[in-house]
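Coordinate inspection notes
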Amino acid sequence: DRPLNERGYENAYLMGKILAEKKYIPEFILSSPAVRAISTAFIFARNFNYNTTKIKITPAIYEAKTETLVKIIKAMDNKYKSAMLFGHNPAFTYLSNHLCEAKIDHVPTAGVMCIDFNVNDWANVEEGKGSLHFFDFPGNYI
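In short, a report on the structure. (Residues numbered from 1 in each chain as written. Predicted model: local features only at pLDDT ≥ 70, side-chain atom pairs only at ≥ 80, totals over all residues. Heavy atoms only, no water.)

Relative to each other, helix H3 (residues 66-74) and helix H4 (residues 91-100) sit at 70°, their axes nearing to 9 Å. Taken together, the axes of H3 and H4 lie roughly perpendicular to each other. Here the hand of the crossing between H3 and H4 comes out right-handed. Taking contact as the criterion, the partners of Thr-66, Leu-69, Val-70 and Ile-73 in H3 are, on H4, Ala-91, Phe-92, Tyr-94, Leu-95, His-98 and Leu-99. A class-by-class count of the residues in the contact of H3 with H4 yields eight nonpolar, two polar and no charged. (Axes fitted to C-alpha atoms, helices over the stretch in contact; angles between N-to-C directions. Helix = DSSP H or I, 4+ residues; strand = E, 2+ residues; numbered from the N terminus. Parallel < 35°, antiparallel > 145°, perpendicular 65-115°, else oblique. Left-handed = near helix turned anticlockwise from the far one by under 90°. Contact = heavy atoms within 4.5 Å. Nonpolar A, V, L, I, M, F, W, Y, C, P; charged D, E, K, R; others polar.)

Okay, here's the thing in structure tokens:
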């Protein structure tokens, strides 16, 4: 139930703006129901001009293990070619390392990993089959 603090709002806005400027705008957004996660998702969505009513609140993301997050990804509708998930650490750090063997030590608050998959069906996303396109976070700009 903890809200974002001032720095959290600033970092979310900064990263959402950077992604929007670089045209890294997802077709689909999923978020944990936690206040900080959904607040961050809304800030990013506004930067993307993404309709916030289309954000899918996914309770299973909260306190999820890697296996659960992979199941959520595999179950996504194939009409979407890109998606963005908002959740929590350490799960998202573990997820990135699991999917693309990225060897990221820690994804900081408002950190963003873009992972590419050479698949036509989300159900085919597998361990180690992703490619880390980029990893970015507010500390790179402050």
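Applying the stated criterion across every chain yields a total of five aromatic pairs. Relative to Phe-86, the ring of Phe-44 has its centre 5.1 Å away and its plane inclined at 70°; by these criteria the two rings are edge-to-face. With a gap of 42 residues between them, Phe-44 in helix H2 (residues 35-48) and Phe-86 in strand S3 (residues 83-86) connect regions that are remote in the sequence. Each member of the pair Phe-44 and Phe-86 is classed as buried. An aromatic cluster of three or more residues is present, and its members are Phe-44, Phe-48 and Phe-86. (Phe/Tyr/Trp six-rings, centres within 6.5 Å; stacked < 30°, edge-to-face > 60°. Buried < 20%, exposed > 50% of the residue type's maximum accessible area, 1.4 Å probe, protein only.)

This model, assessed by the stated rule, comprises two salt bridges. Among the salt bridges present, the one from Lys-74 reaches Glu-126, with a minimum N-O distance of 2.9 Å. Note that Lys-74 is positioned in helix H3 and Glu-126 in the loop between strand S4 (112-117) and strand S5 (130-136), a separation of 52 residues in sequence. (Salt bridge = Lys/Arg side-chain N within 4 Å of Asp/Glu carboxyl O.)

Ile-29, Phe-44, Phe-48, Leu-69, Ile-73 and Met-84 are the most contacted members of the largest nonpolar core, which has 40 residues in total. Broken down by secondary-structure element, the contributors of at least two residues to this core are helix H1 (6-21), strand S1 (28-31), H2, H3, S3, H4 and S4. Element by element, the count of residues in this core is highest for H2, at six residues. Apart from the residues within four sequence positions on either side, Ile-73 is in contact with Leu-85, Leu-95, Leu-99, Trp-122 and Val-125. (Core = buried A, V, L, I, M, F, W, Y, C linked by side-chain atoms within 4.5 Å.)

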